[in-house]
Amino acid sequence: MRAVAVVSSMAVLSAAEERLAGFRAGWYGCLGRWADTLFELTDAVLCAAGPVCSLPRLSLEPVMRRGHGSGYAALAGGEVDAAALADLVADCRPAGWPAVFAVDATTWPRVAAGTSPGRGLYYHPSRHTGGKPVVAGWCYQKVAQLSFGRDSWTWPADVRRIAPGQDAAGATVAQVREAAARLGGHGEVPVFVFDAGPAYDPAWLAWELAGERVQVLVRLRRNRVFYRDPPPRTPHTSGAPARHGAAFDLKDAITWGTPDARLDTSDPVYGSVTVRAWAQLHPRLRRHGRWQRYDRAPIVRGWVIQVQVTSLPKGSGRAPGTLWLWWSGPPGAAPDPDLCWRSYVHRFDIEHAIRFEKTTLGWTTPALRTPQQADRWTAIILAASAQLVLARPLAADHRLPWERPLPPGQLTPGRVRRDFPRIRPALPPVANPRKPSRAGPGRPKGRPGHRAKRYPVIKKTALTTIQC
């Protein structure tokens, strides 16, 4: 029996190595000019000892066989096929994970970078400008698949930059539509989870994605009011037909009525969980903002879901409260209450993933000038994050003396990255070795340097939907 278990374990490791090696070969195929340098930059991010602190220091890693100037040159003149990379991560996503995807935006601060174009003012949770929680920089929106495990592992499905001149809600709809198309038209209907925010208006997302094979789950603020359909119109009634029926006020339990679906379950972390859902509710929209182009604001129906728990994870420092969610999906479909509440509570995994990519992998560390360079570096971080997920079955626990040991199946992304320098030599080589060359001539004598062009921060009035 022991020999059978050893052979089975070796087979699993061999399959995991093949998946990781196949992804690395596919990642190299997504690169054009400066492909070898961009690929070795990815390995340097994975094999660096400690957090990535600067781009030139990555050239000191043994896996980075190019000079420190090659990294900046590759980011300035290299090529990354974003569509091919998105198809690659869609084909290599982990098997067995639920088709639940979290969507969240984050800011790359570039406050003092006056020579960097395309900067806008975006929300930042810990930095302020003029007394407001905004910062000048670039905005990136990420889509990550969730695992539902007791950990912070996510699969990077897509990431793209939203320019200051773009409508954030329109860019979100396009990103969700493309991500769903890559999954194919078979299997379970994917769920896309959003937090509350101007760019994630539930009515707009439901209206724009009504014809797509997707489920939309958005957190609602507690002061929202929805409406039921009006009662049937009686004969000989004068006046315009009513569009809104009885109100459904999230703050007033008297207006709720009997739920159309209910779930009572228990969870080791959240204790007793009660989920109630009401169907055929709609917000009252007015012809402002995104609805201004319509002759009459439409009626957008969906489900309103209430989640109540008796406990929260340790260390949260908050008392259990009531969570309200909006659900919309394909015509005739109904939400799964158990899937909905678990999808949202695991949405916070994408925030842990973004923090790991920023603080450890160095997503926002390099002082890059143009947003195109930032896009290439972002693609490197996405490829590095995917390789950590694929390397998880191969990693051993190389813990520090003050850390607790973890079983192989419970290693964190940081510990898997710590063991990646041991995993990498066993994989087939991909990048070509460095070609010997002499140093360039540099700037000709007598030619002074030119002052780089300055770009102002783009200030854009947010396009919001006025609701009541």
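For the structure, check the block above.
Presented here is an overview of the structure given in this document. (Residues numbered from 1 in each chain as written. Predicted model: local features only at pLDDT ≥ 70, side-chain atom pairs only at ≥ 80, totals over all residues. Heavy atoms only, no water.)

Glancing now at the overall build of the protein. Within the protein one finds 11 helices and 12 strands. Taking 468 residues into account, the globule formula puts the C-alpha radius of gyration at 23 Å, and the protein, at 25 Å, falls close to it. With the C-alpha coordinates of the protein rotated into their principal frame, the extents come out at 90 × 75 × 40 Å. Restricting to contacts in the protein with at least 6 residues of sequence separation, those with at least 24 account for 68%. Summed over its atoms, the accessible surface of the protein is roughly 23800 Å², and 55% of this surface lies on carbon and sulfur atoms. Mean positive and mean negative side-chain charge positions of the protein (63 and 36 charges, respectively) differ by 9 Å. (Helix = DSSP H or I, 4+ residues; strand = E, 2+ residues; numbered from the N terminus. Rg over C-alpha atoms; globule rule 2.2 N^0.38 Å. Contact = heavy atoms within 4.5 Å. Areas by Shrake-Rupley, 256 points an atom, 1.4 Å probe, with all protein chains shown as cover. Lys, Arg positive; Asp, Glu negative; His and termini not counted. Charge placed at Lys NZ, Arg CZ, Asp CG, Glu CD.)

Moving on, we come to the pattern of salt bridges. All chains considered together, the criterion is met by 29 salt bridges. The partner of Asp43 in a salt bridge is Arg24, with the nearest N and O atoms 2.9 Å apart. One end of the pair, Asp43, is in helix α2 (residues 35-47); the other, Arg24, is in helix α1 (residues 2-29), and 19 residues separate them in sequence. Arg24 sits in the buried class, given a relative accessible area of 3%. Of the charged contacts, one joins Lys142 and Glu357 as a salt bridge, the two residues approaching to 2.5 Å between their closest N and O atoms. Of this pair, Lys142 sits in strand β3 (residues 134-146) while Glu357 sits in helix α9 (residues 349-359); the two residues are 215 residues apart in sequence, bridging distant segments of the chain. When salt bridges with common partners are traced through the structure, they connect Asp87, Asp158, Arg160, Glu178 and Arg182 into a single cluster. (Salt bridge = Lys/Arg side-chain N within 4 Å of Asp/Glu carboxyl O. Buried < 20%, exposed > 50% of the residue type's maximum accessible area, 1.4 Å probe, protein only.)

Moving on: the side chain of Gln387. Mapped onto the secondary structure, Gln387 falls in helix α10 (residues 371-390). Looking at Gln387, the relative accessible area reads 0%, which means it is buried. Leaving out residues up to four positions away in the same chain, Gln387 has contacts with Leu20, Phe23, Arg24, Trp27, Thr42, Asp43, Leu46 and Phe420.

Despite not being glycine, Trp34 has its phi angle at roughly 60°, a positive value. For Trp34, the location among the structural elements is in the loop between α1 and α2. Accessibility expressed as a relative area gives 39% for Trp34, which makes it partly exposed. Despite not being glycine, Gln280 has its phi angle at roughly 55°, a positive value. Residue class for Gln280 comes out partly exposed when judged on its relative accessible area of 46%.

Moving on, we come to the environment of Ala35. Along the chain, the position of Ala35 falls in helix α2. Taking the C-alpha atoms as reference, Ala35 lies 7.1 Å from Gly78; in sequence the two are 43 residues apart.

Take helix α6 (residues 168-182) next. Here α6 is 15 residues long and its end C-alpha atoms lie 21 Å apart, about the 21 Å a rise of 1.5 Å per residue gives. Here α6 has its buried residues at Ala169, Ala171, Thr172, Val173, Gln175, Val176, Ala179 and Ala180. Positive phi appears at Gly184, one or two residues downstream of α6, with a value of about 85°. (Expected span 1.5 Å × (residues − 1).)

Relative to the helices and strands, Arg93 resides in the loop between α5 (82-91) and β1 (100-109). Among the residues examined, Arg93 registers a relative accessible area of 29% and is labelled partly exposed. For the pair Arg93 and Ala157, spaced 64 residues apart in the sequence, the C-alpha separation amounts to 7.9 Å. Ignoring any residue separated from it by four or fewer positions in sequence, one finds Arg93 in contact with Phe101, Gln145, Trp155 and Leu183.

Okay, the pairing of β3 next. Counted residue by residue, β3 has 12 buried out of 13 residues, so it is predominantly covered. Pairing between β1 and β3: nine bridges, direction antiparallel. Considered in β3, the bridge of Thr107 is made with Cys139. Two elements, β3 and strand β4 (residues 154-162), share eight bridges in a ladder whose sense is antiparallel. By the bridge assignment, Val143 is partnered in β4 with Asp158. (Pairing = 2+ DSSP bridges.)

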